[in-house]
Amino acid sequence: MAATAFFRRLFEFRPAQPQTVPPGLHHFFRVADGALSRFHLRVEPDGHGLLIANASLAARLSPAGVLMAHGILNGQADESILRTLAQTFRGVGRYDQERDLLQVRALITDLALPGEEAPVLNLDDAAWVESPRQLLAPLNADVPLAPPEQLRPLIARLWEVGIPHLTLAVPEAPDRAHLIRAVERAEDTGLICGVRGRASDLAAEGLLPALAQAGVDHVDVFYAADQPERHDRLFGAGDHAAARAVLQQARALEVYPVAVIPLVEATLPGLADTLADLRALELRDVAVFAIAEVVETPDDAVGADALPQAAALVDEAAHRSQVRYVWQPPVRRLATRPLAEQARRGPRCSSDYSARVEPDGQVFPPRGPRQSAGNLLTERWDAIWGGPAFRHYRERLNAPTRCAQCPGLVVCAADCPREPAGWAEEA
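Residues numbered from 1 in each chain as written. Predicted model: local features only at pLDDT ≥ 70, side-chain atom pairs only at ≥ 80, totals over all residues. Heavy atoms only, no water.

Draft legend 1. The packing of aromatic side chains, seen in detail. The final tally for this structure, using the stated rule, is four aromatic pairs. Ring centres 6.4 Å apart and planes at 90° place the aromatic pair tyrosine 325 and tryptophan 327 in the edge-to-face group. Where tryptophan 385 meets phenylalanine 390, the ring centres are 4.9 Å apart and the plane angle is 50°; that geometry is what we call tilted. As far as burial versus exposure is concerned, tryptophan 385 and phenylalanine 390 are alike and both buried. Ring pairs connect the aromatic residues Trp381, Trp385 and Phe390, which therefore count as one cluster. Above the face of the phenylalanine 364 ring, arginine 370 is positioned so that its terminal group lies 4.3 Å from the ring centre. (Phe/Tyr/Trp six-rings, centres within 6.5 Å; stacked < 30°, edge-to-face > 60°. Buried < 20%, exposed > 50% of the residue type's maximum accessible area, 1.4 Å probe, protein only. Lys NZ or Arg CZ within 6 Å of the ring centre and 35° of its normal.)

The following block contains the structure:
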């Protein structure tokens, strides 16, 4: 999903005056051939942007591409868009601008075509995002389920600061009404919304159809192993059968299913079989997070020195099974908490371009100590995003992490997996 070549060429041109599309999140609906398509245009402070179509396909845009896409989605005529381009960008001939505008129109048409594509969670993988540019905000927020009166202002603020994607972390025995209303509120606001949880809690009679009716875009289900006893040891008796049923039901409801695999010592040996099993269920996408500790212990967390080998195993098995995967930040093993409890809590964040937001508004970076960066409900976003917690996190994320010992591993794109400072510590 790399940027289109002509967008890269447009990166060379600098605006001659301030950009005409304000930074933030812009939401559009477009009807083509009788089908309704939903677009999110996220504009960064430097004018670059991300265009997401139907919560699945995306393209990165230069400042000129952003201006053109914004004009097209607002229904502007070509001549009006070309006039704005000529006023904003110097040194580009009329012929080139007309050609690029035609290409942007074709891109929007292509993105709107229906198809079975992965949800946008695979776009905020550190291996794909171009990190040198300053982002306006994370691309996703992971938020634990809470009563509507708590989530309503939080969801509004997520939209306000420009975060297009919300993933609801579903607890055990969730309040059904709260979950459905949270998805409805997120979708009504314009956010892309998914839920992540244990299958036993999502398999309640009629819940998945109700979530589909509310507009949920994807359902992420924990799936530890192809062997029921290995999975159920972490997620409870009967959860393996429930997971298979939920993944299949989601597909039938046209909700995108994703399997979330916790990597621990007990699940590593059968990982290739697990991925092959998921592919046999016609599942195309998985998320993987490791529960790690400095010193390896049998049948528990993965040791720091074993993580690169585990990452190579994931890469090889995924390639063989033709399953796409995204790495979620590792979680540090807590000796004070049962392993099964940590597995059920899942990762702190869905990716390295996410943020954890608690129902009380506290915001946490994806990795490192559980240190609040500020409160989304009471503090300015620029103070949170530019504060020490996220600034130090971005500095670490942008530092070179690849070495000659494990060249080419996707997991190394954000941080060295051996380094405990790059794991998420939970309270």
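Draft legend 2. Looking closely at the nonpolar core. Ranked by size, the top nonpolar core spans 87 residues in total, and within it Val195, Leu278 and Val286 carry the most contacts. In terms of nonpolar packing, the next biggest core, distinct from the first, is built from 27 residues, Leu57, Val66, Leu73 and Leu85 among them. (Core = buried A, V, L, I, M, F, W, Y, C linked by side-chain atoms within 4.5 Å.)

Draft legend 3. Structural context of a nonpolar patch on the surface. Judged by side-chain polarity, Phe29, Val31 and Leu36 come together as a nonpolar surface patch covering roughly 340 Å² of accessible area. The topology assignment puts leucine 36 in strand E2 (residues 35–43). Overall, the relative accessible area of 56% leaves leucine 36 in the exposed class. (Patch = residues over 30% accessible without salt bridge, like charges linked within 9 Å, V, L, I, M, F, W, Y side chains within 5 Å. Areas by Shrake-Rupley, 256 points an atom, 1.4 Å probe, with all protein chains shown as cover. Salt bridge = Lys/Arg side-chain N within 4 Å of Asp/Glu carboxyl O. Helix = DSSP H or I, 4+ residues; strand = E, 2+ residues; numbered from the N terminus.)

Draft legend 4. Focus on the packing of helix H11 (residues 271–280) against helix H12 (residues 307–321). Two numbers describe how H11 lies on H12: the axes approach to 9 Å, and their chain directions differ by 30°. Pair H11 / H12 crosses with right-handed handedness. Along the contact surface, H11 presents Leu271, Ala272, Leu275, Ala276 and Arg279, while H12 presents Leu313, Val314, Ala317, Ala318, Arg320 and Ser321. Considering only residue class, the contact of H11 with H12 consists of eight nonpolar, one polar and two charged. (Axes fitted to C-alpha atoms, helices over the stretch in contact; angles between N-to-C directions. Left-handed = near helix turned anticlockwise from the far one by under 90°. Contact = heavy atoms within 4.5 Å. Nonpolar A, V, L, I, M, F, W, Y, C, P; charged D, E, K, R; others polar.)

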